[in-house]
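Observations on the three-dimensional arrangement
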2 protein chains.
Amino acid sequence: MTNLNKARTGPRQHEPRGWPEKRRAIAEAARRVFGRDGYTRASVDAIAAEAGVSKRTVYNHFADKEQLFLAVAIEGADEVTAAIAQIMDRHLRKIVDLEQDLIDFSLDRVAAVTAFPDHFALVRALEAEATHIPRPMLRAWIDAGPQTAHLRLAPYLRKIADRGLLRLDDADRAARHLTLLTIADINQQTFYGAVPLPQEEITDIVTAGVKAFLHIYR
Amino acid sequence: MTNLNKARTGPRQHEPRGWPEKRRAIAEAARRVFGRDGYTRASVDAIAAEAGVSKRTVYNHFADKEQLFLAVAIEGADEVTAAIAQIMDRHLRKIVDLEQDLIDFSLDRVAAVTAFPDHFALVRALEAEATHIPRPMLRAWIDAGPQTAHLRLAPYLRKIADRGLLRLDDADRAARHLTLLTIADINQQTFYGAVPLPQEEITDIVTAGVKAFLHIYR
DNA sequence: GAGCAACTACACCGCTCAGTGTAAATTCGA
DNA sequence: TCGAATTTACACTGAGCGGTGTAGTTGCTC
């Protein structure tokens, strides 16, 4: 048998139904279209066209529009979570100058919104759909997305506190306050990146937020 | 002429086109339906039925669906702004115990979200629609809604600082930080009131937020 | 080559919906 | 009562859309 193993993945491999590359294309297209148009306005036809697949194929991979939406939201949250974990590792694992490290961390975290515009556009769509989403699914979203940032940040802050650089008894709350004073402020003013804010203004807000945070916890 | 002046307002008075009571009914119904269903999913048919008017009448008063949406959003913001102004006056005009007054103010302000569920539901819809709204209209919204809270809160904080109870050089920033640490935290966790949070938890969060704020500015 | 799974390319169905037009009815002032 | 403005109650148009079915095509294994 001298057949080269084709790089192209197709049926017949021992995988779930459907070709993975098609599923990936659909998910990526869906993120873009849902992000751009919101849930209701986004059409499955448009997603199929964007993915370069037939609509029939979309329905072969996902039960319906809502399942597609939620799958894409949660997958996107996983990606963003991984990116933010790296940002945390880069800036918070080793503290040289606490204030500067927190500022750099927060600026990079703000920048993550720009790096994942589709995802955060989709976040806005999802929040608007909150009352139409079954509670367990909404819970799954919160756990996959917004909650993970705090769960990952708190241990870093606790370690920093253990080194005597911060005084805190509730690391979760401290993590929340840091995020509120920096990321949430920017996100509110930019509608999660939809409306640009000048970089100097972002830096000002983040710097003031970090100083305020340190005022509380140092 | 012994005709009593009828309380009923109808055509023929020297007013803008259309009966004001019809316009009011449409606006109120629109707020409810947009809030419940979001912009795209809300139908003009449903709004007309909810208002008890014909769809023809809706279009007699508002150019189209988008104009209706934005008019309702801005009118709602004016109402909420007035309510919050009262809350500020009640709690911040005279300071007895600064911490407690700030806590009470913030708790009442959180409660305002519950008092205006339709409006804040519509806020979620509007934020999701941010990229589809013409920039000038979005600006009008920001000025009518989110921005006014800060503009009204900052002078109170400045006065409190003048009495030596707070130390701050940037009252706008202080106002923003107070809102972030209290209202924004709750709103994020409840999706602007869509998902209930137990009252004790709300009180905890607000109390911790106010203490943090005072730690920064006192 | 045969058989099977997945995909493509349509067509279709039933429904919804923003916006418009029109005739009849209602309201109000002169 | 008349006339004008507004509203009501439909009907209509053209478009869109979630989801489904089906026949033909493609790719892979035996």
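This text follows the structure it describes.
Just so it is clear, the model here is predicted, and its values are computed rather than measured.

Looking at the side chain of Asp37 of chain B
By the element assignment, Asp37 of chain B lies in helix H1 (residues 20–41). Reaching out from Asp37 of chain B, the side chain makes a polar contact with the side chain of Arg36 of chain B at a distance of 3.3 Å. Not counting the four nearest positions on each side in its chain, Asp37 of chain B is found in contact with His132 of chain A together with Ala42 of chain B.

A look at the relation of the copies chain A and chain B
What relates the pair of chain copies is a rotation about an axis plus a shift along that axis. For the match of chain A to chain B, the screw axis carries a shift of 0.0 Å, the RMSD comes to 0.1 Å, and the turn is 180°. Both chain copies can therefore be described as sitting about a two-fold axis.

Describing the environment of Ile95 of chain A
Residue and element names in this part refer to chain A. Along the chain, the position of Ile95 falls in the loop between helix H4 (65–92) and helix H5 (98–115). We classify Ile95 as buried; its relative accessible area is 8%. Along the backbone, Ile95 and Val110 are 15 residues apart, and their C-alpha atoms lie at a distance of 20 Å. For Ile95, the contacting residues outside a window of four places in its chain are Asp101, Ile160, Arg163 and Leu165.

A closer look at helix H8 (residues 146–162) of chain A
Residues and elements named next belong to chain A. The end-to-end C-alpha distance of H8 is 26 Å, a good match for the 24 Å that 17 residues give at a rise of 1.5 Å each. Of the positions making up H8, those classed as buried are Thr148, Ala149, His150, Leu153, Ala154, Tyr156, Leu157, Ile160 and Ala161. With its phi angle positive at about 80°, Gly164 sits one or two positions after the end of H8.

Quick look at empty space enclosed by the protein
If you walk through the whole model with that rule in mind, you get five cavities of 30 Å³ or more. The calculated volume of the largest cavity comes to roughly 170 Å³. Lining of the largest cavity is provided by 17 residues; of these, Ala128 and Glu129 of chain A together with Thr40, Ala128 and Glu129 of chain B occupy positions nearest its centre. Looking at the lining of the largest cavity, the elements that each hand over two or more residues are helix H1 (20–41) and helix H6 (117–128) of chain A together with H1 and helix H6 (117–128) of chain B.

Quick notes on the rules
- Residues numbered from 1 in each chain as written.
- Chains lettered and ligands numbered in written order.
- Predicted model: local features only at pLDDT ≥ 70, side-chain atom pairs only at ≥ 80, totals over all residues.
- Heavy atoms only, no water.
- Helix = DSSP H or I, 4+ residues; strand = E, 2+ residues; numbered from the N terminus.
- Polar contact = N/O pair within 3.5 Å; in protein donor to acceptor, adjacent residues only side chain to side chain.
- Contact = heavy atoms within 4.5 Å.
- Least-squares fit on C-alpha atoms with pLDDT ≥ 70 in both.
- Buried < 20%, exposed > 50% of the residue type's maximum accessible area, 1.4 Å probe, protein only.
- Expected span 1.5 Å × (residues − 1).
- 1 Å grid on protein atoms, 1.4 Å probe; cavity = no way out; pocket = protein on both sides within 12 Å on 5 of 7 lines; lining within 4 Å.
- Points joined across faces, edges and corners; volume = space filled by probe spheres on them.

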